[in-house]
Amino acid sequence: MSVLIVGSIALDTVKTPVEEHADLLGGSASYSAVGASFFSPVNLVGVVGDDFPKEHIEYLKSRRIDLDGLQIVPGKTFRWSGEYMWDLNTRETRSVELNVFEHFTPTLPANYANAPYVLLANIAPKLQSHVLDQMSRPKFVIADTMDLWISIAKEDLTALLKRVDMLILNDGEARQFTGETSLIKAGAKIRSLGPKYVAIKKGEHGCLLFGEKEFFSCGAYPLEDIHDPTGAGDTFAGGLAGYLSANDNGPVSFETLRRAVVYGSVLASYNVEAFSLERLRTLTQSDIDARYGAFRTMSQFELI
Ligand code: AMP
């Protein structure tokens, strides 16, 4: 069963305090789709310009990512450039060139409309809603977002929330969206707007998962060297969605979601070890299993 993913596909320029690389494969959909592909086939919906390198298309195809929903249109691919400060946590956007993204309307091929699992990776909430308009009722819809949409499209985002099963956002965005300093209150407030589940990512401090009465706190892998944090959140969301799609046994349970959150965290932790999607290119199932085991060991303690 394939998971449907829509989002941005970009050529990124990323600067950290020690390195700078230009024209890297990036975008929320690229990271999410490759993350999900470790568990499940993917149907990708997005847009690129005619300057988009063929090698990236070949790479995505090689990962079981179906590209029938990828529009290749005349013009330049979306470009984003960001710079990380010394803590590798604070990031400034240096430039954004929307290019072909400016007039993008996601259009689903007919055979994508029945996908049971959907990840609306980070793009404008109106476009995320437009994808759902073209679908028969999916089983589980996950939406990701960013501070930009909370600032300029809060109404659209709030409307979208009524149609999704799970929202993923980071701690700063959860506080910005709800006006709550407490992430526990923020999680509950977002749940009251629609999604049954909310995942709040805390960067190097892991992630909180909220359900109706359930709560789960997942740590982060203690990495010594982070090379490029870009796309960690997208890889997390992709891994989570791919795991759910590959383990579809009846209604999605909190137990399955907990495992999905850990797998998402495993993939995100690998992704930041190198620029762009480089680390994911060489990642193996046994790497994933080993780090899943490490997460488990790190979170266990004895009964008294
Ligand atoms: P993250 O590090 O999870 O925030 O994701 C970074 C990715 O988001 C980069 O690869 C960018 O190309 C992409 N991106 C940046 N701004 C936007 C935007 N406004 N809409 C969609 N994707 C974006």
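Residues numbered from 1 in each chain as written. Predicted model: local features only at pLDDT ≥ 70, side-chain atom pairs only at ≥ 80, totals over all residues. Heavy atoms only, no water.

Draft legend 1. Representation of the environment of Tyr-112. The topology assignment puts Tyr-112 in the loop between strand S7 (91-97) and strand S8 (117-120). On the basis of relative accessibility, which here comes to 0%, the residue Tyr-112 falls in the buried class. Sequence spacing of Tyr-112 and Ala-199 is 87 residues, and the spatial spacing of their C-alpha atoms is 26 Å. In contact with Tyr-112, other than residues within four places in its own chain, are Leu-4, Asn-43, Leu-44, Val-45, Asp-66, Leu-67, Asp-68, Gly-69 and Met-135. (Helix = DSSP H or I, 4+ residues; strand = E, 2+ residues; numbered from the N terminus. Buried < 20%, exposed > 50% of the residue type's maximum accessible area, 1.4 Å probe, protein only. Contact = heavy atoms within 4.5 Å.)

Draft legend 2. Just the sheet that holds strand S2 (residues 10-15), in detail. Overall, mixed pairing links the four strands, which are arranged S3-S2-S6-S7 in an open sheet. Each end of this open sheet is capped by a strand with a single partner; those strands are strand S3 (20-26) and S7. Neighbouring strand axes in the sheet, compared pairwise and without regard to direction, differ in orientation by 20° on average. (Pairing = 2+ DSSP bridges. Axes fitted to C-alpha atoms, helices over the stretch in contact; angles between N-to-C directions.)

Draft legend 3. Spatial organisation of the pairing of strand S12 (residues 207-210). Neither face of S12 is left uncovered, since the one carrying Cys-207 and Leu-209 and the one carrying Leu-208 and Phe-210 both have all their residues buried. Across four bridges, the pairing between strand S11 (residues 197-201) and S12 is antiparallel. Bridge pairing in S12 places Lys-201 opposite Cys-207. Between the end of S11 and the start of S12, which pair antiparallel, lie five residues, with Gly-203 showing a positive phi angle near 55°. In the sheet, S12 pairs with strand S13 (residues 215-218) via four bridges, with the strands oriented antiparallel. Of the residues in S13, the one forming a bridge with Leu-209 is Phe-216. Here S12 folds back onto S13 in antiparallel fashion, the turn holding four residues.

Draft legend 4. A look at the environment of Ile-72. The residue Ile-72 is located in strand S5 (residues 65-73) in this model. With a relative accessible area of 53%, Ile-72 lands in the exposed category. Each C-alpha atom, one on Ile-72 and one on Phe-177, is 34 Å from the other, the two residues being 105 residues apart in sequence. Residues contacting Ile-72, with those up to four places away along its chain left out, are Val-48, Gly-49, Asp-50 and Ile-57.

Limitation: the analysis is restricted to geometry and does not speak to function.
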